[in-house]
Amino acid sequence: PKRKAVGRDYLEAIRPHMPHRLSVMMLFMHQTGRRVSDAVNMEPSWIAGATVRIPKTKNGEAATARLTPEVAELIAGLPERHGRVFGYVDRSSVYKTLRRACKKAGVEYLGTHQPGRHSFATTLSDAGWGTKAIAEAGGWKSTRLVAEIYEHPEDSQSRAAEIFGKKLASTSSNDARKPLK
């Protein structure tokens, strides 16, 4: 199936229909690009201010996630449950709860990956970030995955024409305005 990137509006639509801690977890994944497994396993000891140090990710390596002030404040307000920040011990319960929230909100269920990791990469790509910077920010081991799966350039030809049109218009030399022979 075609992957979809979503904005904050998607999260806001489902927020009233799910527990607060799941809402915070979804925002955490959306703004950091971390996987649901990283979020579910996150322990309070991993957090130092606005930094989360994940000792071992899916790819077997440690990772660091930087929190926005909003997410840092929301996480700080969550009471620890089951030794975890978000209180979930298994991601299957996350999916069930999220599916119910989407149904109540009348929005398409996209799981955790699309509103989280996928939307994180697409948002940064749309903001002009390069593939290598996106991969580093989201903890991808390979830039190839980011380029092939997560970036969704839209209307690239029109955007390129606009950029080059602006460059030509801003050139003051008459030679630059002459047609090429």
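See the structure shown above.
Just so it is clear, the model here is predicted, and its values are computed rather than measured.

K.L.:
Even after reading the chapter, I still don't get the packing of aromatic side chains, so can you show me in this structure?
P.N.:
The relation between two aromatic rings is expressed through the spacing of the ring centres and the mutual angle of the planes. Under the counting rule described, the total for this entry stands at two aromatic pairs. Geometrically, the ring pair formed by Phe-28 and Phe-86 is tilted, given 5.7 Å between the ring centres and 45° between the ring planes. Residue Phe-28 is found in helix α2 (residues 20-32), and its partner Phe-86 is found in the loop between α4 (69-76) and α5 (91-105); the two are separated by 58 residues along the sequence. Of the two residues examined, Phe-28 and Phe-86, each falls in the buried class. A cation over a ring is seen here: Arg-99 above Tyr-109, with NZ or CZ 3.9 Å from the ring centre. In this structure, Arg-117 packs its charged tip against the face of Trp-140, placed 3.9 Å from the ring centre.

K.L.:
Teacher, can you tell me more about helix α7 (residues 131-138) here?
P.N.:
Those residues of α7 that fall on the buried side of the exposure criterion are Ile-134, Ala-135 and Gly-138. Seen end-on, α7 carries its buried residues on one side only, within an arc spanning 100°. Exposed side of α7, more than 90 degrees from the buried face: Lys-132 and Glu-136 are the residues found there. Of the surrounding secondary structure, the elements contacted by the buried residues of α7 are α2, α6 (114-126) and α8 (143-150). Looking one or two places after α7, you find Gly-139, whose phi comes out positive at around 80°.

K.L.:
Help me out: how do you make sense of the packing of α2 against α5 in this one?
P.N.:
To characterise two packed helices, one gives the angle between the axes of the helices and the distance between these axes. Orientation of α2 relative to α5, taken along the N-to-C sense of each, is 100°, at an axis distance of 11 Å. Accordingly, the angle class assigned to the pair α2 and α5 is roughly perpendicular. For the pair α2 and α5, the contacting residues are Leu-22, Met-25 and Met-26 in the first and Val-94, Thr-97 and Leu-98 in the second. Residue composition of the contact of α2 with α5, by class: five nonpolar, one polar and no charged.

Thresholds, definitions, all that
- Residues numbered from 1 in each chain as written.
- Predicted model: local features only at pLDDT ≥ 70, side-chain atom pairs only at ≥ 80, totals over all residues.
- Heavy atoms only, no water.
- Phe/Tyr/Trp six-rings, centres within 6.5 Å; stacked < 30°, edge-to-face > 60°.
- Helix = DSSP H or I, 4+ residues; strand = E, 2+ residues; numbered from the N terminus.
- Buried < 20%, exposed > 50% of the residue type's maximum accessible area, 1.4 Å probe, protein only.
- Lys NZ or Arg CZ within 6 Å of the ring centre and 35° of its normal.
- Arc of directions from axis to C-beta.
- Contact = heavy atoms within 4.5 Å.
- Axes fitted to C-alpha atoms, helices over the stretch in contact; angles between N-to-C directions.
- Parallel < 35°, antiparallel > 145°, perpendicular 65-115°, else oblique.
- Nonpolar A, V, L, I, M, F, W, Y, C, P; charged D, E, K, R; others polar.

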